[in-house]
Amino acid sequence: MSGHKVTLITIKEVYRSFILKLSLLINWPEDKIKEMVHCIEISLDKPYYWFGATFKFFRSVHTIATIGFEVTYNGKKIIYSGDTVWGEPLQNLFAAGIVDQATYDPLANIFTGKADLVIMDGGGGLIHPDPAEIDQLPMNVKQKTFLTHRSNLPEGITGLNLIRPGQQWEFI
């Protein structure tokens, strides 16, 4: 709306969903919204290099198309889960053959990726990880984990952190 295009780095399915959803939300034609977005289409099976950082993207499991990623720069790594199920619900979907191995592995192993920071969906309910299940992780993992989709933590949960508006981290 300021006259500058927004850059969106994503897969085709997420881009299409984003354009449609925004069009419906603000009642603008899709073509008008497309004029305001510069989409850099990535592939889930290839790293993407941007300003010296290496991004590796993976599919998330959600009711709309979403992806997560890990980004490495100067030996530091951040993993962002994207909107997704995780833990026991993800295991159940995998066991039922609904989620394939390539989708399951990055999500199931998100906390073993040796990240310096994990930004994790923590909204609970049917389509987001349950903070109580994430709370079962070792304290050293929880201390570097920040949950999205929450304004507070359920009672009794310790060591996990919440994303706050304007929050910044410096790793360099």
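It should be noted that the structure appears before, not after, this text.
Each value, and the rule that gives it
- Residues numbered from 1 in each chain as written.
- Predicted model: local features only at pLDDT ≥ 70, side-chain atom pairs only at ≥ 80, totals over all residues.
- Heavy atoms only, no water.
- Helix = DSSP H or I, 4+ residues; strand = E, 2+ residues; numbered from the N terminus.
- Rg over C-alpha atoms; globule rule 2.2 N^0.38 Å.
- Buried < 20%, exposed > 50% of the residue type's maximum accessible area, 1.4 Å probe, protein only.
- Contact = heavy atoms within 4.5 Å.
- Areas by Shrake-Rupley, 256 points an atom, 1.4 Å probe, with all protein chains shown as cover.
- Polar contact = N/O pair within 3.5 Å; in protein donor to acceptor, adjacent residues only side chain to side chain.
- 1 Å grid on protein atoms, 1.4 Å probe; cavity = no way out; pocket = protein on both sides within 12 Å on 5 of 7 lines; lining within 4 Å.
- Points joined across faces, edges and corners; volume = space filled by probe spheres on them.
- Nonpolar A, V, L, I, M, F, W, Y, C, P; charged D, E, K, R; others polar.
- Phe/Tyr/Trp six-rings, centres within 6.5 Å; stacked < 30°, edge-to-face > 60°.
- Lys NZ or Arg CZ within 6 Å of the ring centre and 35° of its normal.
- Pairing = 2+ DSSP bridges.

Draft legend 1. The overall build of the protein chain, seen in detail. Summing up its helical and strand segments, the protein chain has six helices and nine strands in all. A compact globule built from 172 residues would reach a C-alpha radius of gyration of about 16 Å, and the protein chain, at 17 Å, matches this within 12%. By principal-axis analysis of the C-alpha atoms, the protein chain measures approximately 45 × 40 × 35 Å. Looking at the 172 residues of the protein chain, the share that counts as buried comes to 37%. Excluding contacts between residues fewer than 6 apart, the proportion of contacts in the protein chain whose partners are at least 24 apart in sequence is 48%. In the form shown here, the protein chain has an accessible surface area of approximately 10500 Å², with 54% of it arising from carbon and sulfur atoms.

Draft legend 2. Spatial organisation of the side chain of serine 23. Note that serine 23 resides in helix α1 (residues 12-26). Residue classification places serine 23 among the buried residues on the basis of a relative accessible area of 11%. Within the structure, the side chain of serine 23 is placed 2.5 Å from the backbone oxygen of tryptophan 28, a separation counted as a polar contact. Among all residues touching serine 23, those that are not within four sequence positions of it are Trp28, Pro29, Glu30 and Ile33.

Draft legend 3. Geometry of the layout of surface pockets. In this structure, the largest pocket spans a volume of roughly 420 Å³. Lining the largest pocket are 19 residues; nearest its centre among them are Leu8, Val14, Phe18, Ala65 and Thr66. Those elements giving two or more residues to the lining of the largest pocket turn out to be β1 (6-10), α1 and β5 (67-73). In terms of residue count, the dominant contributor to the lining of the largest pocket is α1 (six residues). In the lining of the largest pocket, the residues fall into twelve nonpolar, five polar and two charged.

Draft legend 4. How the structure looks around the packing of aromatic side chains. All told, the structure shown has eight aromatic pairs when counted by the stated rule. Ring geometry for tryptophan 50 versus phenylalanine 51: centroids 5.2 Å apart, planes at 65 degrees, classification edge-to-face. Assessed through its relative accessible area of 73%, phenylalanine 51 is described here as exposed. Aromatic side chains phenylalanine 55 and phenylalanine 69 sit 5.6 Å apart centroid to centroid with 55 degrees between the ring planes, which places their arrangement in the tilted category. Note that phenylalanine 55 is positioned in strand β4 (residues 53-59) and phenylalanine 69 in strand β5, a separation of 14 residues in sequence. For phenylalanine 69, a relative accessible area of 22% puts it in the partly exposed group. Clustering of aromatic rings is evident, with ring pairs tying together Trp50, Phe51, Phe55, Phe57, Phe69 and Tyr80. Here lysine 32 stacks its cationic end above the ring of tryptophan 28, 4.3 Å away from the centre of that ring.

Draft legend 5. Representation of the sheet that holds β4 in the model. With mixed pairing, the seven strands of this open sheet are ordered in space as β3-β4-β5-β6-β7-β8-β9. The sheet terminates laterally at β3 (48-50) and β9 (161-162), the two strands that pair on one side only. Looking at chain direction, strand β6 (residues 76-80) and strand β7 (residues 117-121) are connected through three bridges and run parallel. The partner of isoleucine 78 across the bridge, within β7, is leucine 117.

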